[in-house]
Amino acid sequence: MAKKTDEVNNEKQHQKLSPDKEVLLMYDESTGAINMVSDIDVKKGRPTTVTPLAENSHSFFEAKESSVLANFLSASRQGWMETQNKNKSLPRDQHQKHQSEVTHYFRIPESMMPEMVEAVNKVHKKVDDPDSRNLMNKYRISEKQLNRIKFDMKDIPWPELATMGITKAEVMGDKPTLDGMREGREIVLNRSMNLSPSNNMNIDIPASSLQLAQNRDGDVAVKLRAALPVAEFLTQEFEEKHSLSNDEKKAMIAGETLQRQLKEYIPELQREEWCYAGFSKETNRMVLVPRCDVTVPQYLMGGFVAPENSEVLSKAGRTEIQNCKLNDQERTPFTGTFQYNVHTQNWDTVERKFQSVYIYPSLARQLDEGRLKDLKEGLTIPGNGLKGSNGKDYDHLCIKINNRTNTPDYMLKSRMSAHDIASVESRYPGSFDKTVKINIADKPAEEQNNNKTQDIVQIPQENNNQKSQGPRR
C-alpha cells in the first residue's frame, strides 16, 4: 500500500514539471553525478546544484538567456586555462582535465528531466542504447552553439505563431524546429498551414517554410513563404539577373552554398544586400543570408584565419585553414577547407585533410584488431556490425581510407564493382548478401562504378536559350 502511495505522489510531482520552462541538467562524467542547476555564478563559471527530484523544481535555474549561459561556460573555460598556466611545471598526466571533458550541461524542458536522468544513467553505465546517446547529443549545450542563437524563448512571437496553428508546446517538443527558430534559420514545414487572420478567414498553404527575422526597428516577426511550383533560380527574372551556370545550379541542388554572393532585396532591411546563397529543394526557393549578418571569426576549429582567408570567406568562397583540431582534447591537427553554410548558418568544413591516417574515435573503438589494421593499411573493410554516431547501422556500407584526406570514406555496397566485392569477400566471407553480389555482377563494367545520382531538379543545358517561366519575386 505504501509503495502504491509513493508512486501516486511521484506521479503528482512529475505533473508539476512544466514543458514550457527550460532548465539545466549537469552531468559529471568522472563520478556519474547527475544534478539540476539551481544557480550560476557567471563571472566565476561555477554552478550551484540540487538533486534531480520533482519536489525541487521550485529551485531549478531557469535557462532563459543564451548569452548568459555562453558567458557562464566561457568563464568556466577561462578558469581552467588559468589553472593550467599555473601548473605548467607539472607533468602532462598530472594536469587537471578541462571541465568540458568531464562536465556536461543539458538545456531541457523541465518536464523532460526524468527521461534525461534515465538516459544519462544508461550512458554512464555503458548500456548500449543509441536512443539515450542521441538524446544527450540533442540537448547538450556548448559555448559555440549558444553563440549562434539569435532569439531566446522570450523573443519568439508565440501569439503570431498561434494564429498559424503552431503552439509553444509543439515547438518545445521538436528540438530541430526550436533550434532553427532560435538561430534564425528557415524551417521547412512538413504540413499544411492554416492561417486565421483578424477577419476570421482561413487560408490553407499546402507547403511552406517559416523563419524568424528582426526588422530595422528591432521587432521580431515570422516570415512565412509558400513553396514555388518551379525552382526559383529557373525563373526568367532570376536567370536574367544572376546568370547561374549549370555547375552552380547542380551544387545548390546538392545542398551546397554558392561560391559567390548574390545581390538581392531584403524586406526586413528594406534595401538590397550582397547575400550568401543556397537553395531549398523542399520549397523550391533560394535561401539567402545577408553578408552584413555574418561575421568571419578569427579562429575556426582552433586554426587561425589570416586576413587573406577572411577576405575569401567574406565573399562566400572556400579557403584552407591550417592547424585545426576537432576539439580541445584532440591533439591531431588537420587542414580544413571552410565555407559558410546558409542552411546551418555556420562555418562548415567542406573537407578535412590529415597528415597521416586518422580514424574518428567513434569508429575506431568499434573495430577489432584485424579490421583496424586493414583500414590503416589502405584496404577496404565491411561495415557489418558497425554503427554511426547517430546509432544507424553500417551493414550496407564498406569503408576505406581516402588517400587525399587520410580519413575514412563510406561506400554503398550496392554500388561497388564486382572486383572490389570479391576482394572484401576474400578477407571477410559473408560480408555481402547474395542479392547485392548478383545485382552488381550482372551490371556492365561501365555501370559498376557509377556512383552518380540523378538530379532532383532538371537543369536545362547551357546552350538552351529557352527560359523557364515561373512566378516573379
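What you are looking at is a predicted structure, and each value in this text was computed from that prediction instead of being measured.

## Regarding the overall build of the protein
Broken down by element type, the protein carries 17 helices and 20 strands. Within the span of the protein, comprising 473 residues, buried residues form 41% of the whole. Considering only contacts in the protein between residues 6 or more positions apart, those separated by 24 or more positions represent 52%. A total accessible area of about 26800 Å² is found for the protein, and carbon and sulfur atoms account for 46% of it.

## Focus: empty space enclosed by the protein
All told, the structure shown has 1 cavity of 30 Å³ or more when counted by the stated rule. By volume, the largest cavity is sized at about 40 Å³. If you trace the largest cavity, you find it lined by Glu 22, Arg 107, Tyr 139, Arg 140, Ile 141, Gln 145, Lys 175 and Arg 182. Class assignment for the residues of the lining of the largest cavity results in 2 nonpolar, 1 polar and 5 charged.

## Points about the layout of surface pockets
Of the volumes computed, that of the second largest pocket is approximately 860 Å³. In terms of lining residues, the second largest pocket is bounded by 34 residues, among which Gln 211, Lys 223, Ile 266, Glu 268 and Leu 288 are the most central. Taken together, the elements giving at least two residues each to the lining of the second largest pocket come down to strand 8 (208-214), strand 9 (220-226), helix 10 (236-242), strand 10 (262-266) and strand 12 (285-290). If one sorts the elements of the lining of the second largest pocket by residue count, strand 12 sits on top with 6 residues. Taken together, the residues of the lining of the second largest pocket break down into 16 nonpolar, 5 polar and 13 charged.

## Comments concerning the packing of aromatic side chains
Considering all chains together, one arrives at 10 aromatic pairs under this definition. Stacked on the ring of Tyr 139, the Lys or Arg Lys 175 has its end atom at 5.2 Å from the ring centre.

## Topic: the state of the cysteines
Counted according to the given criterion, the structure contains 0 disulfides. Of all cysteine sulfurs in the structure, the one in Cys 292 sits closest to Cys 275, which takes part in no disulfide; the separation is 7.6 Å. Classification of Cys 275 as buried rests on a relative accessible area of 0%.

## Things to note about unusual backbone geometry
Not every positive phi belongs to a glycine, and Asn 284 is a case in point at roughly 65°. Relative to the helices and strands, Asn 284 resides in the loop between strand 11 (271-280) and strand 12. Although it is not a glycine, Ala 316 adopts a positive phi angle of roughly 75°. Tracing the chain through its elements places Ala 316 in the loop between helix 12 (307-314) and strand 15 (319-324).

## Observations concerning the sheet that holds strand 20 (residues 408-412)
With antiparallel pairing, the 3 strands of this open sheet are ordered in space as 18-19-20. Across the chains shown, the open sheet's two edge strands, defined by having one partner strand only, are strand 18 (381-382) and strand 20. The pairing of strand 18 with strand 19 (residues 397-401) spans 2 bridges and is antiparallel. Within strand 19, the residue paired with Ile 381 across the bridge is Ile 399.

## Considering the nonpolar core
Counting residues in hydrophobic clusters, the biggest one holds 20 residues, and the most contacted among them are Leu 25, Phe 106, Ile 108, Met 116 and Val 120. Of all the secondary structure elements, the ones that give two or more residues to this core are strand 1 (22-28), strand 2 (33-41), strand 4 (103-109), helix 4 (113-124) and helix 5 (130-139). The element that contributes the greatest number of residues to this core is helix 4, accounting for 5 residues. Beyond its immediate stretch of four places on either side in the chain, Phe 106 contacts Val 23, Leu 24, Leu 25, Tyr 27, Met 116, Val 120, Met 136, Tyr 139 and Arg 140. Ranked by size, the runner-up nonpolar core spans 18 residues in total, among them Leu 300, Leu 313, Ala 316 and Cys 324.

## Examining the pairing of strand 12
For strand 12, the buried fraction is high: 6 of the 6 residues fall into the buried class. Alignment of strand 11 against strand 12, held across 6 bridges, turns out to be antiparallel. Pairing of Ala 277 across the sheet is with Leu 288, part of strand 12. The hairpin turn running from strand 11 into strand 12, its antiparallel successor, is 4 residues long, and Asn 284 in that turn takes a positive phi close to 65°.

## Remarks on the side chain of Asn 309
Its location among the elements puts Asn 309 in helix 12. Ignoring any residue separated from it by four or fewer positions in sequence, one finds Asn 309 in contact with Phe 304, Thr 319, Glu 320 and Ile 321.

## Some words on the sheet that holds strand 1
Ordered by their spatial adjacency, 4 strands build an open sheet running 3-2-1-4, and the pairing between neighbours is antiparallel. With one partner strand each, in any of the chains shown, strand 3 (46-50) and strand 4 form the two edges of the open sheet. The mean angle between the axes of side-by-side strands here comes to 45°, regardless of whether they run parallel or antiparallel. Against the sheet, helix 5 touches strand 1 and strand 4, its axis set at about 85° to strand 4.

## Description of the packing of helix 4 against helix 5
Pairs of packed helices are described in terms of their axes, by the angle between the two and the distance that separates them. Two numbers describe how helix 4 lies on helix 5: the axes approach to 9 Å, and their chain directions differ by 115°. For the element pair helix 4 and helix 5, the recorded crossing hand is left-handed. Of helix 5, the residues touching helix 4 (which contributes Glu 115, Met 116, Ala 119, Val 120, Lys 122 and Val 123) are Ser 132, Arg 133, Leu 135, Met 136 and Tyr 139. Taken together, the residues of the contact of helix 4 with helix 5 sort by class into 7 nonpolar, 1 polar and 3 charged.

What counts and what doesn't
- Residues numbered from 1 in each chain as written.
- Predicted model: local features only at pLDDT ≥ 70, side-chain atom pairs only at ≥ 80, totals over all residues.
- Heavy atoms only, no water.
- Helix = DSSP H or I, 4+ residues; strand = E, 2+ residues; numbered from the N terminus.
- Buried < 20%, exposed > 50% of the residue type's maximum accessible area, 1.4 Å probe, protein only.
- Contact = heavy atoms within 4.5 Å.
- Areas by Shrake-Rupley, 256 points an atom, 1.4 Å probe, with all protein chains shown as cover.
- 1 Å grid on protein atoms, 1.4 Å probe; cavity = no way out; pocket = protein on both sides within 12 Å on 5 of 7 lines; lining within 4 Å.
- Points joined across faces, edges and corners; volume = space filled by probe spheres on them.
- Nonpolar A, V, L, I, M, F, W, Y, C, P; charged D, E, K, R; others polar.
- Phe/Tyr/Trp six-rings, centres within 6.5 Å; stacked < 30°, edge-to-face > 60°.
- Lys NZ or Arg CZ within 6 Å of the ring centre and 35° of its normal.
- Disulfide = S-S within 2.5 Å.
- Pairing = 2+ DSSP bridges.
- Core = buried A, V, L, I, M, F, W, Y, C linked by side-chain atoms within 4.5 Å.
- Axes fitted to C-alpha atoms, helices over the stretch in contact; angles between N-to-C directions.
- Left-handed = near helix turned anticlockwise from the far one by under 90°.

From the geometry alone we can't say anything about function, so treat these as descriptive.
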